[in-house]
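Descriptive structure summary
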Amino acid sequence: MMFEERLREYIDANVPIVYIAGYDDKSAVETILKVTGRRRVWEWNRMFGVMDRKDITGKKSVEKKEILNSDISLEKFILSGVRDGDFDEKIVIVKDVASYLEDDDMIALFKNACLRIEEGLLDTVFIFISSTLTVPKELEKYITILEEEFLSEDGIKEKIDLFIEEQNSEIYEKLKEEMAIAFKGLSALEIDTILSLAFSKNGELTKETLDLIMEQKKQMIQKAGILEMIPIKESMEDIGGLNVLKEWLGKKARVLNNMKEAEKFGVELPKGVLIAGVPGCGKSLNAKASAKLFNVPLLKLDMGRLMGKYVGESEKNMRQAIALAEAIAPCVLWIDELEKAFSGIGGNGGGAEVTTRLFGQFLTWMQDKESAVFVVATANDIMKLPPELMRKGRFDEIFYVQLPNTEERHKIFEIHINKRRPMDLQKINIQELVEKTDGYSGADIEGVVKEAVENAYVKGNTEVTTTDFIEAIEATHSLKEIMGDSITELEKQYKERKFKSAS
Ligand code: ATP
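Residues numbered from 1 in each chain as written. Predicted model: local features only at pLDDT ≥ 70, side-chain atom pairs only at ≥ 80, totals over all residues. Heavy atoms only, no water.

Observations concerning the site of the ligand
Residues in close proximity to the ligand total 16 residues, the closest being Gly240, Gly280, Ser284, Asn380 and Glu446. Leu285 places a polar main-chain atom, nitrogen or oxygen, 3.0 Å from an oxygen atom of the ligand. Look at the ligand: alone it shows 620 Å² of surface, and the protein chains cover 79% of it. Counting residues per element, the ones that place at least two in the shell around the ligand are α11 (283-294), α16 (406-420) and α18 (442-458). In terms of residue class, the shell around the ligand is built from 6 nonpolar, 7 polar and 3 charged. (Near = heavy atom within 4 Å. Polar contact = N/O pair within 3.5 Å; in protein donor to acceptor, adjacent residues only side chain to side chain. Areas by Shrake-Rupley, 256 points an atom, 1.4 Å probe, with all protein chains shown as cover. Helix = DSSP H or I, 4+ residues; strand = E, 2+ residues; numbered from the N terminus. Nonpolar A, V, L, I, M, F, W, Y, C, P; charged D, E, K, R; others polar.)

Next comes the structure, spelled out in structure tokens:
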């Protein structure tokens, strides 16, 4: 149901308080004025005090507002309004209410007003408008929350059509479809603003509009501060080896890049992949490169930032993170170090309870997910992960990455030398380096290449030679040396659990 319809229903049903959260102020008031029915609308805000927004004849007056009393506190306003009957047959809007709802006196006043409304002694509907949601326990039963709903793709298309008609312009169907997908997740007002901005820049809607939309979404993500939008430089060509994983991702790319067609054919929307394995062997690299391969933005979820200090805050953050990712979809949602986020599940104590709840929320979402959010979760130590996560239906597949084999090391050396010293590549005996680096991770090899190049430069040489690389190798401890038996143990466990090898 649309926002307007729901609001009308609540007002007709005489609910004491409607709480509009996270909605753009102006369009919220506009909508309220459309559905007021027989009531007059008063508004209180910090800046102007009390204003009359609409007369009973039903004239809309978003711009026309009459200040009734510019010098009255919210407390006095509510107190006198209820006591003297001024609120009868009114809708009373209270803006930026969140901070007042932490004050006991204010809560008591509202509670008293709500009781009178319930008893039929007062004919008022309070509408709270605020960017944040604060619901005190004492008012819980009186408050109906109305959160912003995003327009559907068809709704957005209608909006674009209307805009095009108003401007006497034209748009070709394919661009309109792309735009409708891109606009998903933005509020009606944001959509209007971008359309006007794009139009005034170019005199028509062009492909550039898509860039403006992406820019707006980036800001949305930044403001929320839970997800990070990662710029992607890496592509599949930057990954040496891991061919099985790369091929698998390539198949998913075929589906994601032709989603509508694939779905029509009966293909299920991919959910995501869990990549486990030893550090420094290309897990993060794969998360980044898959976003590039799918040609979609990459969002990184930081579990540390998700955990809030208030009751219910972490769950709210998780909900918001999911909503944001779905708004940006199609996208890749990268959850790094998954085991850190969900360790301690099922344990005792407040912290463990929160993690358990978060985990449940995440599982349900993964299970029911219908949006094109492709999850790439990476983990070092899969043994710390709860088994429910590994059941079929959550991730499409679970891969493990091992230390690179000889062929893979060859490729990794090539990639990193080519990045820094393409002119030396032909002269270097890579095979010799490969033989000397058994037990080295991809990150170790990159370290060796960096070191060799720097040393050659510092020595004043004009080129980097095989000897420089060998010296760098000899100065490095491989991951296998550092981790010892635990690597072999991990690999044994992965195999026992029948995870797929990425190579
Ligand atoms: P961690 O668990 O420590 O985050 P990771 O498996 O995610 O490790 P990456 O961050 O992907 O490791 O790798 C670190 C760096 O090592 C990469 O930026 C890349 O330069 C290099 N590297 C690792 N594996 C490969 C590979 N297979 N091909 C090319 N470079 C690699």
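What follows picks up the thread again.
Some remarks on the sheet that holds strand β8 (residues 227-230)
Strand order in the open sheet made by the 7 strands is β8-β10-β11-β12-β9-β13-β14, with mixed pairing throughout. Every interior strand has two partners, whereas the edge strands, β8 and β14 (500-501), have only one. As judged from the 4 bridges shared by β8 and strand β10 (residues 298-301), these two strands associate in the antiparallel manner. Bridge pairing in β10 places Met229 opposite Leu299. Packed onto the sheet, α11 meets β9 (272-277), β10, β11 (331-335), β12 (373-379) and β13 (397-401) and runs at close to 170° relative to β11. (Pairing = 2+ DSSP bridges. Contact = heavy atoms within 4.5 Å. Axes fitted to C-alpha atoms, helices over the stretch in contact; angles between N-to-C directions.)

Here we look at helix α7 (residues 188-202)
Each α-helix winds once per 3.6 residues, and so residues spaced three or four apart point in a common direction. Taking 1.5 Å of rise per residue, 15 residues should cover 21 Å, and α7 covers 21 Å from first to last C-alpha, within 8% of that figure. Buried within α7 are the following residues: Ile191, Ile194, Leu195, Ala198 and Phe199. Along the long axis of α7, the arc covered by the buried residues comes to 125°, so they all point the same way. Exposed residues pointing more than 90 degrees away from the buried face of α7 are listed as Ser200 and Lys201. Of the surrounding secondary structure, the elements contacted by the buried residues of α7 are α5 (153-166), α6 (173-183) and α8 (208-224). Where α7 ends, the next residue or the one after it, Gly203, has phi of about 75°, a positive value. (Expected span 1.5 Å × (residues − 1). Buried < 20%, exposed > 50% of the residue type's maximum accessible area, 1.4 Å probe, protein only. Arc of directions from axis to C-beta.)

As for the packing of aromatic side chains
One pass over the structure, following the stated rule, counts 15 aromatic pairs. Centre to centre, the rings of Phe110 and Phe128 are 5.0 Å apart; their planes meet at 65°, and the pair counts as edge-to-face. Residue Phe110 is located in helix α4 (residues 104-118), and its partner Phe128 is located in strand β6 (residues 124-130); the two are separated by 18 residues in the primary sequence. The burial state of Phe110 is the same as that of Phe128; both residues are buried. When the centroid spacing of 5.5 Å and the interplanar angle of 70° are considered together, the rings of Trp248 and Phe399 count as edge-to-face. (Phe/Tyr/Trp six-rings, centres within 6.5 Å; stacked < 30°, edge-to-face > 60°.)

What about unusual backbone geometry?
In this model, Ala329 is joined to Pro330 through a cis peptide bond whose omega is 5°. With respect to the secondary-structure elements, Pro330 resides in the loop between α13 (313-328) and β11. The backbone of Asn168 sits at a positive phi, close to 55°, despite the residue not being glycine. Turning to its location among the elements, Asn168 is positioned in the loop between α5 and α6.

Details of the nonpolar core
One finds Phe183, Leu274 and Leu338 to be the most contacted residues of the largest nonpolar core, which totals 94 residues. Every residue in contact with Phe183, bar those within four places of it in the chain, is listed here: Ile156, Ile160, Ile191, Ile194, Leu195, Ile213 and Lys217. Grouped together as the second largest cluster of nonpolar side chains are 31 residues, Trp44, Val82, Ala98 and Ile117 included. (Core = buried A, V, L, I, M, F, W, Y, C linked by side-chain atoms within 4.5 Å.)

Some words on the packing of helix α3 (residues 74-83) against α4
Where α3 contacts α4, the axes come no closer than 10 Å and their chain directions differ by 20°. Relative to α4, the element α3 lies roughly parallel. For the pair α3 and α4, the crossing hand works out as left-handed. Only Asp105, Met106, Leu109, Phe110, Asn112, Ala113 and Arg116 of α4 make contact with α3, whose side of the interface consists of Leu74, Glu75, Ile78, Leu79 and Val82. For the contact of α3 with α4, the per-class residue count stands at 8 nonpolar, 1 polar and 3 charged. (Parallel < 35°, antiparallel > 145°, perpendicular 65-115°, else oblique. Left-handed = near helix turned anticlockwise from the far one by under 90°.)

Observations regarding the sheet that holds strand β4 (residues 66-69)
Pairing is mixed in the open sheet, where 7 strands are placed in the order β4-β3-β2-β5-β6-β1-β7. The sheet is open, and its two borders are formed by β4 and β7 (143-147), each paired with just one other strand. Pairwise comparison of adjacent strand axes, ignoring direction, gives a mean angle of 25° for this sheet. When strand β2 (residues 40-45) meets strand β3 (residues 49-54), the two strands line up antiparallel, connected through 5 bridges.

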